[in-house]
Amino acid sequence: MALDIKRFIQRFIEEASDHLPRLREGIEALEQGDTQQERINELFRAAHTLKGSSRMLKLTPITAIAHSTEELLSALRDGSQTASPDITCLLNQATDALSDLVSQLAQNVPPAELPEADSQLCQALENAAAGKLTPTSERLPETAAPVNSEPSVTPPTTKSPALPAQELRLTDTVRVCLDRLDDVIRLMGEVLSGHHHLHSLVEQARSLGAALPKDQQAPFNAFSRELKDSVLSHDGLMSDLHDRALQMRMLPLSVVFDPLSQMARDLAHSLGKQVNCRVHGSEIELDRQMIDRLSDPLIHLLRNALDHGLEAPDERQAAGKPARGQLSLEAWQDGSWVVIEMRDDGAGISLEAVRRKALSKQLLSEEQLLALTEQETLELIFLPGFSTKPLITDFSGRGVGMDVVKRTVIDELNGDLHLSSHSGKGTCFTLRLPLSLAMMRVLLIKVGAITLGITAPYVSELVEHLSTNFIDAAGQKTLILRNEFVPVVSLAELLGLSYTPSTADNLLLLVVHQRHQKLALIIDALVDERDMVIKPLPAHLRHLPLVSGMVTLGRNTLVSLLHVPTLLEHSRRYAPRTLVKTEQPLQAHRILVVDDSLNTREIEKDVLEAWGYQVTLAENGRDGLNKALADSFDAVLTDVEMPVMDGFALTASLRENELYRYKPIIIITSREKEADRRRGIEVGADAYIVKGSFDQNNLVDTLRALLG
């Protein structure tokens with residue numbers, strides 16, 4: 001991987017600008033008689049850091065002088081030399097020389113064009129370290145540090161004329177303590193929240209004006225308009241000011257990606273493997289708070305890829321792959337999100353190994369495992385304590401890590417995590433993260449007398465629907481929304497809030513989602529939608545799983561932000577479903593349900609299991625075909641619009657197989673056109689049910705008729 005040297009040179013300049021003043025301060029203290037051991041240790045560490053950093057960047061002149069300085073400071077540290085005036089004089093000259101070279105770098109002098117290190121100065125420093133101090137009359141003349149001068153061509157032992165007046169040029173960066181920066185951003189958030197309160201005051205002023213006598217309304221209305229104009233004119237300024245404050249805390253992903261790239265090569269070597277690590281998009285910026293918490297999950301994923309994913313060189317060659325594996329770490333921006341992808345070309349995750357481990361740890365029964373889709377089976381690796389590694393090593397197999405990754409990305413960073421894997425081809429983890437947790441778009445909603453907030457990335461849409469449009473699916477109130485069954489739940493009831501059920505026919509629904517799962521929440525009203533400052537929960541409230549943070553509304557009102565992933569999980573356990581069954585099937589027929597919507601699969605599964613059928617799920621036509629051919633099912637239910645392979649193609653493929661030539665296949669879709677019905681019959685479907693008129697009794701009656 002090619003190293004972007006310019007970016008690292010700038011970092012070195014900033015680092016040197018921090019260490020050089022410490023050197024000057026420490027040398028001055030030595031001159032004043034402060035020879036405490038810790039003082040000398042600080043000087044030694046500063047010189048050592050400059051030497052190491054410059055060596056990595058091949059800044060040879062700086063490395064040479066820093067090395068010789070380090071030698072002398074080492075002698076002071078171990079007590080073989082003492083801080084005499086001659087020695088402190090030499091140390092000052094070395095610091096001046098280092099300052100001059102760093103100054104030239106700051107003026108964009110290419111590293112290759114830096115003047116060579118002063119050999120006489122380096123020799124004098126090393127002689128002093130060895131106790132061979134050069135007499136003062138023979139050493140270099142001590143001069144002021146040249147801050148912005150051209151490289152001198154005068155021999156170092158020649159007396160120079162007085163230097164002309166020079167310009168003092170400072171660097172264009174300032175190092176700020178992170179705590180101070182966090183305080184500024186926090187205060188800016190408070191100011192912004194307070195400013196939003198002015199909008200409510202403007203509305204109050206308008207109402208007050210309307211209540212005044214007519215002869216007093218004109219001057220008051222003029223005041224009200226001026227107040228409104230003033231507030232509106234400051235809106236953009238306040239928002240821009242807060243954005244600029246947040247930008248000061250943004251860091252490039254390179255601060256995480258670059259060390260990971262080196263770590264990948266080192267770990268691969270220790271495992272006896274070979275890897276090329278490709279990094280792309282490291283210039284993408286994230287909030288420092290995000291980057292701090294992102295480091296551990298990425299290290300877990302990297303270790304997982306190297307130990308579980310990539311094969312040993314001989315195994316790769318036997319499989320027809322290059323001996324050297326490929327690992328890519330890529331980032332790109334998608335609107336207000338940053339997407340990070342870690343991909344390897346290893347063996348992929350063995351679904352069979354995952355199933356065996358789930359059974360051995362008694363996480364699921366055999367029947368439950370059979371009902372899982374391939375994707376759901378893959379995601380079992382995120383369960384706490386799960387590992388397919390048979391041997392515990394320093395790198396993996398301890399049953400920790402992947403659950404931490406999921407918890408950090410989803411719960412702490414309000415992001416999303418997706419896993420895909422193909423046998424023999426490799427595995428890919430995709431992290432989707434907000435740019436910052438400090439401020440996000442928030443929808444404020446009303447539930448009874450309580451105002452709650454939901455961050456916009458989790459909101460799919462806001463719709464109104466008649467309650468008569470809902471269907472009953474295994475006791476669950478359900479809405480059919482664009483080819484998908486979406487469960488409907490009263491948010492107040494889900495949260496256990498006291499409320500009066502609405503008698504209105506038209507209900508307001510907030511549809512929230514996380515990846516493929518959706519939930520329609522019945523709410524009373526949408527209060528507002530705007531960018532708001534997110535406040536973390538205090539320590540004594542962080543045990544509340546349904547609340548992810550707080551926002552300030554008005555002057556003194558705090559509003560809880562709902563944590564949608566936990567809300568979705570809570571909804572699955574909410575209220576036991578009931579279904580009155582008139583008759584159980586004579587035998588437990590096995591049914592394969594194929595649909596790309598997680599909600600639809602689960603609802604159809606609940607309906608069928610309530611009637612005693614055994615159900616296996618598949619997430620697309622290809623997954624359904626593979627499962628159908630690997631096992632024997634009594635009937636197949638399939639959607640039409642699916643990725644990879646649609647329902648028409650699946651039905652046609654099944655009819656070509658002897659096992660499924662005469663078994664019932666039912667198409668359940670939102671397509672209502674007669675041409676679609678005819679095509680379903682042409683490819684061999686036995687029944688065609690439109691989701692818009694879905695009725696669970698009709699589905700069960702159809703199955704019973706076809707199964708006999």
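This one's a predicted model, so the numbers in the text were calculated from it and none came from an experiment. (Residues numbered from 1 in each chain as written. Predicted model: local features only at pLDDT ≥ 70, side-chain atom pairs only at ≥ 80, totals over all residues. Heavy atoms only, no water.)

(A) The arrangement of the overall build of the protein in detail. If you tally the helices and strands in the protein, you get 21 helices and 23 strands. Out of the 708 residues in the protein, the part that is buried amounts to 46%. Only carbon and sulfur atoms are counted for the fraction: they give 52% of the accessible area of the protein, which is about 35800 Å². (Helix = DSSP H or I, 4+ residues; strand = E, 2+ residues; numbered from the N terminus. Buried < 20%, exposed > 50% of the residue type's maximum accessible area, 1.4 Å probe, protein only. Areas by Shrake-Rupley, 256 points an atom, 1.4 Å probe, with all protein chains shown as cover.)

(B) A negative patch on the surface, seen in detail. On the surface, Glu25, Glu28, Glu31 and Glu42 cluster together to form a negatively charged patch. The greatest single-element share of the negative patch, amounting to 3 residues, is contributed by helix α1 (residues 5-31). Take Glu28: it is sitting in helix α1. (Patch = residues over 30% accessible without salt bridge, like charges linked within 9 Å, V, L, I, M, F, W, Y side chains within 5 Å. Salt bridge = Lys/Arg side-chain N within 4 Å of Asp/Glu carboxyl O. Lys, Arg positive; Asp, Glu negative; His and termini not counted. Charge placed at Lys NZ, Arg CZ, Asp CG, Glu CD.)

(C) Region of the structure containing the packing of aromatic side chains. Overall, the coordinates contain 2 aromatic pairs when judged by the stated rule. Ring geometry for Phe382 against Phe429: centres 6.4 Å apart, planes inclined by 80°, an arrangement best described as edge-to-face. In this pair, Phe382 is assigned in the loop between α13 (374-378) and α14 (402-412) and Phe429 in strand β7 (residues 426-434), connecting sequence segments 47 residues apart. Neither Phe382 nor Phe429 differs from the other in exposure class; each is buried. Note that Arg77 overlies the ring of Phe44, its terminal NZ or CZ placed 3.8 Å from the centroid. Here Lys663 stacks its cationic end above the ring of Tyr660, 5.2 Å away from the centre of that ring. (Phe/Tyr/Trp six-rings, centres within 6.5 Å; stacked < 30°, edge-to-face > 60°. Lys NZ or Arg CZ within 6 Å of the ring centre and 35° of its normal.)

(D) View of the sheet that holds strand β19 (residues 590-594). In spatial order, the strands read β20-β19-β21-β22-β23; together these 5 strands make up an open sheet with parallel pairing. Here the strands that pair on one side only, and so sit at the sheet edges, are β20 (614-618) and β23 (687-690). Neighbour-to-neighbour, the strand axes of this sheet turn through a mean angle of 20°, independent of strand direction. Pairing between strand β22 (residues 665-669) and β23: 4 bridges, direction parallel. (Pairing = 2+ DSSP bridges. Axes fitted to C-alpha atoms, helices over the stretch in contact; angles between N-to-C directions.)

(E) Local environment of helix α3 (residues 60-78). Here α3 spans 27 Å end to end across 19 residues, near enough to the 27 Å set by a 1.5 Å rise per residue. When we look at burial in α3, the residues that qualify are Pro61, Ile62, Thr63, Ile65, Ala66, Ser68, Thr69, Glu70, Leu72, Leu73, Ala75 and Leu76. In the segment just after α3, Gly79 is the residue with positive phi, at about 85°. (Expected span 1.5 Å × (residues − 1).)

None of this, on its own, says anything about what the molecule does.
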